[in-house]
Every structure is written in C-alpha cells, then in structure tokens.
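Breakdown of the fold
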Amino acid sequence: MANAAKNSPNEIQEEEEEEEQTFEELGLDPRLIRALSKKGIEKPTPIQRVAIPLIMEGKDVVSRAKTGSGKTYAYLLPLLQKLFSDSGSRKTAPSAFVLVPTRELCQQVYSEGLSLIEFCRVHLKVVQLTSSMPIADLKAALAGPPDILVSTPACISTCMSAAVLQTKSIQDSLSVLILDEADLLLSYGYEDDLKALIPHVPRRCQCLLMSATSSSDIEKLKKLVLHNPYILTLPEVGDVKDEIVPKNVQQFWISCSARDKLLHILALLKLELVQKRVLVFSNSINMAFRLKLFLEQFGIRSAVLNAELPQNSRLHILEEFNAGLFDYLIATDDSQIKGKEQVNEEINVTSRKSKKHVKQKLDSEFGVVRGIDFKNVYTVINFEMPQSAAGYVHRIGRTGRAYNTGASVSLVSPDEMEVFEEIKSMLGDDVTKDSNFIAPFPLLTKNAVESLRYRVEDIAKSVTKIAVRESRAQDLRNEILNSEKLKAHFDDNPKDLDLLKHDKVLSKKPPPLHLCDVPEYLLDPTTQEASKIVKLARAAMGGTNPTRRKGFNRKFKKSRDPLKTFSADVSKRAVKGGMKRKGKDTGDDNQKHKKKKSL
Ligand SMILES: Nc1ncnc2c1ncn2[C@@H]1O[C@H](COP(=O)(O)OP(=O)(O)OP(=O)(O)O)[C@@H](O)[C@H]1O
C-alpha cells in the first residue's frame with residue numbers, strides 16, 4: 001500500500017484516513033488519553049500507531065524509527081497501561097527497567113514518565129538512578145520498590161554488585177525490560193553490564209528495543225535480549241537508504257577552509273540567514289569555547305554544553321535552552337567515540353595550567369546529541385563535521401522533532417570531505433528525494449562573506465589558546481559553584497529556570513560596539529533579501545512560539561512530514577506476505593499485520 005499510495009491520489013486519501021487513527025482506537029486507557037491531551041498531544045505518531053497495540057499485546061518489539069518520531073511515548077504509554085492493571089501485585093524489585101545510554105536521557109525519560117503518572121493520578125512510582133549516586137541513595141530510591149526504574153546499564157550493574165538490587169528479586173518481579181537508544185548502548189561501553197543483567201531477566205519478561213539507526217550492535221542486542229521479536233522498521237531500510245533523516249529537515253552545506261569557518265558561521269548568524277534557535281556542534285570543548293568567545297565579540301551570546309560540566313549544570317542548560325531563555329547553544333559530542341584519552345588529556349592541560357587548579361573528569365555517561373529532545377531548535381549547524389555518518393544523523397535529528405520543521409547547515413572543509421562523502425553515500429544523496437539531499441546553502445553570497453572578512457580576522461586572532469583555556473576553566477569553576485546552588489535551589493523550586501544564566505559573557509574585554517551591528521552598506525542586495533526571507537518565514541511560523549508553530553505545520557504538506565512516513569515492517573518480507581518476525585511462530589498475529597502499513 002505504501003508504494004501505491006505514493007502514486008495514486010485515491011490511495012493517498014486511504015493513507016490519510018489510516019493516519020487519522022486515534023489513541024482511543026489503539027485501545028489506550030482514557031486516563032492516559034486525558035494526560036496526553038493535557039500535554040497538547042492529540043493523535044499518535046506513526047511509530048506509536050504501530051508499536052502501541054503490539055506492546056499492549058505483550059509482544060517483544062524492536063522498533064526502529066527516525067529521530068524525533070515519538071519513540072518514547074511508543075513504549076511509555078503501553079508500559080503504564082500494563083502497570084495500571086498490575087499495580088496491586090506484590091514485588092520485591094521494580095516491574096520495569098528502562099535502560100538508556102546517558103544521564104541526560106535518564107532525566108528526560110524519567111520526567112516524561114513522572115508527568116504522565118501525575119496527570120493520570122495513579123499510584124505508580126518511577127525513579128531514576130545514575131552511577132554517581134552513593135549506595136545509600138540507591139538503596140533509598142529502590143525501597144518500596146518503585147514500579148519503573150530508569151537508569152543506565154552501568155548503574156544497574158553497580159546495584160546488583162552492591163546487592164542493592166537482588167538478582168532473585170529481579171527474576172521474580174521484572175516484567176518489562178526496555179532498551180532505549182539501543183543503537184548506542186554498546187558503543188557507550190555497556191556490553192558487560194548488560195551481559196551481567198541478562199541472565200537474571202526472566203523468560204516471561206517482555207523486552208523492547210528502541211533505536212533511531214541500525215547497526216551490528218542492534219543485531220547483537222537483539223540476540224542477547226529478545227525472544228522472537230516483532231521488527232518495526234522504516235519501509236525501505238536496507239536497500240534504498242530512504243528517509244534516514246526526517247523529511248521536514250532541509251539539509252545544506254557550505255564548502256570552506258577550516259580557517260574560514262569562523263567567518264562563515266558569523267555570516268550565517270549575524271546576517272540572520274538561519275532561523276533561531278540554533279544548536280551548533282563542534283568536536284572538542286576547546287573549539288566550542290573558541291567559538292563562544294569569538295561570537296561574543298560580535299554581540300552574539302551563547303552557552304556551551306559539554307561533558308566536563310557537572311550534571312546539574314548540564315541539565316539546567318538544557319532546560320533553559322528548551323525554555324527559550326537563549327538562542328544559541330554550542331554543544332560538543334562524539335567524545336565517547338573520539339577516544340577518552342585525547343579528551344582527558346585536553347582537560348588535564350586545562351587543569352594543570354589553570355591557577356585555581358580546577359580538576360574535572362569527563363562524564364562517561366554524558367550524551368547531548370543522542371536522544372535528547374531539544375525543543376524548538378530550528379537550525380543545527382555542524383561547525384565541525386561529526387566523525388561518522390551515524391553521528392550526522394543523530395545531530396541533525398535534534399531539529400525537525402515531532403511536527404516541527406527544521407534545517408541543518410554543515411560547514412565542510414577539504415579535510416572533512418571524506419566523512420562528508422560517507423554521509424552523502426549513506427543518505428543516498430538523491431536529488432529526487434529531497435529529504436536526503438544535502439544542497440549547497442543558497443542564501444550566503446561570496447560578497448556577503450567577504451564583506452565581513454576584515455572584521456573577523458583580527459578578532460579571530462585575538463581569541464588565543466590561552467584565552468580559550470582561561471575562559472574554559474572560568475566557565476567550569478562557575479558551573480561547579482552553580483551546580484551546588486542549583487541542587488539546593490531546585491530541590492525547593494523545581495520550576496524556577498531563570499536562576500542562573502549560562503550564556504554569560506566570558507571574554508575579559510567587552511565586545512566592541514562597532515562589531516555588534518552590521519551596517520547596511522556592508523550587505524549586498526541578495527543578502528538583504530535573503531535575510532528578509534528568513535525573517536518572514538520565522539514570522540510566518542510564529543517565532544519560537546510552539547503553539548503557533550503547530551498551526552503552521554498543520555498546513556505543511558503532509559508528504560513532507562516525517563511523522564507520517566513511517567511504516568511498519570511489515571517491511572520487505574511483509575510485502576511478500578507477512579510481518580518480519582524472528583523465529584517460527586507467526587500464527588494469527590501475522591494475519592493481522594500482513595498488510596504493509598504506510599501511516
Ligand atoms: N503523538 C505525538 N504528537 C505530537 N508530538 C509528539 C507525539 N509523541 C511525541 N511527541 C513529541 O515529539 C518529540 C520527540 O519525541 P521523542 O523524544 O520520543 O522522539 P524519539 O523518536 O525518541 O527521538 P530520538 O531518536 O532522537 O530519541 C517530543 O517532544 C515529544 O513530546
């Protein structure tokens with residue numbers, strides 16, 4: 001049906017009717033539907049439409065869907081529904097484990113679970129545990145026990161070794177195990193932790209595996225954890241490399257030398273050729289600070305999010321950014337993949353040379369890019385290219401989430417062409433499939449870039465290695481102090497976001513006034529026009545106001561909406577007559593799902 005639907009208007013109508021399926025029709029409990037409605041969520045996304053009924057039937061499911069497609073509710077909703085009816089049963093350990101690769105994700109899934117439970121007014125308890133917690137706190141959190149435990153595999157392993165979680169209790173009580181962002185669990189080094197847990201997961205336990213990309217790690221995990229699972233995946237994955245990046249994210253690139261990257265990013269931001277809010281990625285913490293200091297000199301304030309910051313500060317930066325308190329966030333990623341030694345070396349240099357001797361370890365459970373639900377990020381800029389094609393998909397996936405639209409701009413220097421080619425070949429880079437095509441960025445003219453060059457060169461030189469090192473150490477010191485204050489403050493005032501600003505200026509000298517404004521005579525007519533178009537588009541979308549944006553997006557062409565293009569696999573094999581299922585027993589369920597669903 002998916003193919004036919006693309007070709008025939010009548011069938012598109014059919015497809016759209018199928019899309020109108022509601023949460024009620026999926027059999028969701030009215031309390032959950034009310035809770036969703038309070039959160040402004042009215043109808044299921046495609047992955048939710050397919051996964052929720054299967055999970056409610058108790059099936060093991062591997063669910064692979066694009067970034068931002070709503071995978072968290074796809075498992076949280078049926079999980080809660082199951083626990084509504086199980087809540088009276090006696091147990092000695094949590095009924096459900098949700099395992100994620102990073103603390104940031106832990107916090108995010110925990111908050112989503114907690115708010116659904118609160119809205120539903122049911123007596124269920126969710127806790128989050130991380131490896132940094134003292135054993136006594138882990139013990140206290142597990143007393144009860146709670147119904148849902150959100151954690152990292154390493155922390156579960158710690159709890160088992162410290163006998164805070166008894167393996168016998170896990171065997172008796174665990175009924176659902178969820179591995180979220182499963183494609184990352186092994187690359188974050190959790191294989192041994194998972195292997196320690198798996199023998200204690202009872203055979204009857206339902207196992208779910210959620211991921212945005214596929215990899216050999218997923219295959220490994222599937223074998224390790226799942227029994228006879230249903231595989232829900234994108235329709236053409238495998239052969240046609242389609243729709244890896246959500247369709248409503250437009251991808252662009254700019255070719256420039258490594259040296260000219262500062263000049264180009266300044267032109268993009270200062271001439272307002274990209275829409276706010278903007279998430280910029282760099283590959284190292286020093287580069288992130290260099291960029292911050294450089295932009296400050298032109299009156300552009302930003303915050304840096306990285307692995308050396310204390311956890312409270314990181315969470316607070318994310319919350320502030322999501323709440324719209326500042327427009328530019330520079331994040332570092334890939335520190336896990338890059339080799340910790342190199343990054344640690346970077347930190348030690350900072351520590352040794354800094355007078356106040358700030359020592360801070362990189363957090364191995366840190367992850368900004370993977371799975372974090374940034375709100376209303378319109379533009380992602382790759383100031384430096386990620387180290388892998390999968391890294392690119394995850395970065396780009398921070399925009400265009402749920403029903404929003406977004407854009408990405410990658411600054412590609414000659415020595416990054418190799419990874420850029422790899423990305424293009426992974427995407428298929430087919431001009432006819434606009435979702436996967438990375439187009440040259442059309443709004444930035446050579447004249448506009450050159451008009452800024454002489455201003456940029458002096459400032460770029462003034463942002464020396466020493467200045468970067470000092471401001472990085474300064475920021476870290478501030479954040480360590482803040483972190484303590486934040487902890488105490490937020491225990492009492494959980495909703496107070498405006499306490500500490502993270503985009504404060506770090507430069508010793510205030511930005512020169514003449515650099516903060518770009519005089520009109522510097523701009524060629526094409527750039528002026530481009531800037532106007534971007535502003536108009538922004539106004540049409542209601543700025544960063546999420547509710548007005550929704551209205552805009554409803555008018556957005558359906559075929560460009562990533563949330564509408566998912567179909568269950570039901571994939572290749574389904575076309576030939578049946579849902580893809582590991583193992584022999586397909587039975588009646590196969591009949592139910594026989595038809596290839598295009599949602
Ligand atoms: N049915 C829905 N309607 C509208 N918005 C939704 C719906 N379901 C989820 N969302 C919103 O979509 C956003 C993305 O959801 P989520 O974080 O679950 O995506 P994801 O598929 O897990 O992405 P990633 O792979 O990047 O982790 C969230 O802000 C969430 O609140």
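Attention here is on the structure that accompanies the text.

Quick notes on the rules
- Residues numbered from 1 in each chain as written.
- Predicted model: local features only at pLDDT ≥ 70, side-chain atom pairs only at ≥ 80, totals over all residues.
- Heavy atoms only, no water.
- Core = buried A, V, L, I, M, F, W, Y, C linked by side-chain atoms within 4.5 Å.
- Buried < 20%, exposed > 50% of the residue type's maximum accessible area, 1.4 Å probe, protein only.
- Domains from an automatic or database assignment.
- Contact = heavy atoms within 4.5 Å.
- Near = heavy atom within 4 Å.
- Polar contact = N/O pair within 3.5 Å; in protein donor to acceptor, adjacent residues only side chain to side chain.
- Areas by Shrake-Rupley, 256 points an atom, 1.4 Å probe, with all protein chains shown as cover.
- Helix = DSSP H or I, 4+ residues; strand = E, 2+ residues; numbered from the N terminus.
- Nonpolar A, V, L, I, M, F, W, Y, C, P; charged D, E, K, R; others polar.
- Phe/Tyr/Trp six-rings, centres within 6.5 Å; stacked < 30°, edge-to-face > 60°.
- Salt bridge = Lys/Arg side-chain N within 4 Å of Asp/Glu carboxyl O.

1. Examining the nonpolar core
- By size, the foremost hydrophobic cluster in this structure holds 73 residues, and its most contacted members are Tyr75, Leu77, Leu79, Val98, Ile148 and Leu329.
- Three or more residues apiece are contributed to this core by two domains, here domain 1 (30–237) and domain 2 (249–337 + 363–541).
- Beyond its immediate sequence surroundings of up to four residues, Leu79 is in contact with Ala96, Val98, Ile148, Val176 and Ile178.
- Judged by nonpolar contacts, the second largest core, of 46 residues, contains Ala267, Tyr328, Ala407 and Leu523.

2. What about the site of the ligand?
- By nearness alone, 22 residues border the ligand, and Gly68, Lys71, Thr72, Glu181 and Asp373 come closest of all.
- Here Ser69 contributes a backbone N or O atom positioned 3.1 Å from an oxygen atom of the ligand.
- When isolated, the ligand has an accessible area of 640 Å², and the protein chains bury 92% of it.
- With three residues, helix α5 (residues 71–86) is the largest single contributor of residues to the shell around the ligand.
- Residues that form the shell around the ligand fall into these classes: six nonpolar, eight polar and eight charged.
- Inspection of the shell around the ligand shows a minimum of three residues originating in each of domain 1 (30–237) and domain 2 (249–337 + 363–541).

3. As for the packing of aromatic side chains
- This model, assessed by the stated rule, comprises four aromatic pairs.
- Aromatic side chains Phe252 and Phe441 sit 5.6 Å apart centroid to centroid with 85° between the ring planes, which places their arrangement in the edge-to-face category. With Phe252 in strand β8 (residues 249–255) and Phe441 in the loop between β14 (438–440) and α20 (446–462), this residue pair connects regions lying 189 residues apart in the sequence.
- For Phe252, a relative accessible area of 15% corresponds to the buried category.

4. Examining the environment of Ile52
- Turning to its location among the elements, Ile52 is positioned in helix α4 (residues 46–56).
- We classify Ile52 as buried; its relative accessible area is 0%.
- In this view, Ile52 contacts Phe23, Leu26, Leu28, Ile47, Tyr73, Ala74, Leu77 and Pro78; residues no more than four positions away in its chain are not counted.

5. Thoughts on the pattern of salt bridges
- For the structure on display, the rule yields 15 salt bridges.
- Salt-bridge contacts for Lys424 lead to Glu421; the nearest nitrogen and oxygen are separated by 3.6 Å. You can see Lys424 and its partner Glu421 sitting in helix α19 (residues 417–427), three residues apart, about one turn around the helix.
- Given a relative accessible area of 39%, Glu421 falls into the partly exposed group.
- In this structure, Glu450 and Arg453 form a salt bridge, with 2.7 Å as the shortest nitrogen-oxygen distance.

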